[in-house]
Amino acid sequence: MKTETLTKTNGHALNGFTIEDIGDDHLFTSLDTPMKPNAFDMSNEEKKERISILFSEIMDVLGLDLTDDSLKGTPDRVAKMYIEEIFSGLDPKNKPKVALFDNKYQYNQMLVEKDITFYSNCEHHFVPIIGKAHVAYVSSGKVIGLSKLNRIVQYYAKRPQVQERLTQQIANELKTVLGTEDVAVIIDAKHLCVSSRGVKDNTSATVTTYYGGIFNTSEKINELQNYINS
Ligand SMILES: [Zn+2]
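Predicted model only: the values in this text are computed from it and were never measured.

## Some remarks on the packing of helix α2 (residues 44-61) against helix α4 (residues 74-86)
Right, so step 1: Where α2 meets α4, the axes come as close as 8 Å, and the angle between the chain directions of the two elements is 135°. Judged by the inter-axis angle, α2 sits oblique to α4. The handedness of the crossing between α2 and α4 comes out as right-handed. Contacts between α2 and α4 pair N44, K47, K48, I51, S52, F55, S56 and M59 from the former with T74, P75, D76, V78, A79, K80, Y82, I83 and E84 from the latter.
Right, so step 2: Residues of the contact of α2 with α4, tallied by class, amount to eight nonpolar, four polar and five charged.

Written out as structure tokens, the structure reads:
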């Protein structure tokens, strides 16, 4: 996994990288999504109103006619989509509540939930990242419902993201919830900022991985890869 640790030296340069380099190369600066301390002072209704006003300004600057029937509703629609859907994972209130169950069957092999489709957005360009996540864990005595694994992936995907951070955030949440280091996360995704703009590479995909605890051996990694490819 490429994890660049950068420390902020001033507003323009980070460890010799310019702000432009960081965005263009999709580097990221911290494991936590960078949020303002007062991020939730405004209500969701106020946020939607503000975003709608600001987005209509962007459209206006682009020269679009906001009196057109087709465009009229777009600023409100975008605002609603940002807050209620594609960026709803910024709000900790939306974090999935996870109930744990005793591992009654004493199943002590890896459990793999594969091909979890997700849609996220690149935090550098605000265009989609579309991919599949595969998550696995070995129970330390507790298990969670399979749909919760999916929900955890979706929650962290619904933020402006970079793929390395998404991978880490899902892994950390699984470790915390399940009380074990034995978790693995593999993400295979296409970044529309790479395929539809910039270098316009239509075929490349980015794979990031996290192998914690017992998953961090070539034997377990092979076993996991076999399940995913089966
Ligand atoms: Zn991007």
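## Structural notes on the environment of G141
Right, so step 1: Relative to the assigned elements, G141 resides in the loop between β5 (128-138) and β6 (142-144).
Right, so step 2: The partly exposed category is assigned to G141, whose relative accessible area is 33%.
Right, so step 3: Note: C-alpha distance between G141 and F101 (40 residues apart in sequence) is 8.6 Å.

## Topic: the pairing of strand β8 (residues 183-191)
Right, so step 1: With seven of its nine residues buried, β8 lies for the most part within the structure.
Right, so step 2: When β5 meets β8, the two strands line up antiparallel, connected through nine bridges. Residue I130 lies in a different strand from β8, and its bridge partner there is K190.

## Describing the side chain of K48
Right, so step 1: Within the element layout of this structure, K48 appears in helix α2.
Right, so step 2: By relative accessible area, K48 is classed as buried at 14%.
Right, so step 3: Every residue in contact with K48, bar those within four places of it in the chain, is listed here: A79, K80, I83 and E84.

## Details of the pattern of salt bridges
Right, so step 1: Scanning the model with the defined rule gives nine salt bridges in all.
Right, so step 2: In this structure, K95 engages E173 in a salt bridge whose closest nitrogen and oxygen atoms are separated by 3.2 Å. Of the two residues, K95 sits in the loop between α4 and β3 (100-102) while E173 sits in helix α6 (residues 163-178), which places them 78 residues apart along the sequence.
Right, so step 3: You can call K95 partly exposed: its relative accessible area is 30%.
Right, so step 4: Of the residues examined, E173 reaches a relative accessible area of 10% and is grouped as buried.

Conventions and cut-offs
- Residues numbered from 1 in each chain as written.
- Predicted model: local features only at pLDDT ≥ 70, side-chain atom pairs only at ≥ 80, totals over all residues.
- Heavy atoms only, no water.
- Axes fitted to C-alpha atoms, helices over the stretch in contact; angles between N-to-C directions.
- Helix = DSSP H or I, 4+ residues; strand = E, 2+ residues; numbered from the N terminus.
- Parallel < 35°, antiparallel > 145°, perpendicular 65-115°, else oblique.
- Left-handed = near helix turned anticlockwise from the far one by under 90°.
- Contact = heavy atoms within 4.5 Å.
- Nonpolar A, V, L, I, M, F, W, Y, C, P; charged D, E, K, R; others polar.
- Buried < 20%, exposed > 50% of the residue type's maximum accessible area, 1.4 Å probe, protein only.
- Pairing = 2+ DSSP bridges.
- Salt bridge = Lys/Arg side-chain N within 4 Å of Asp/Glu carboxyl O.

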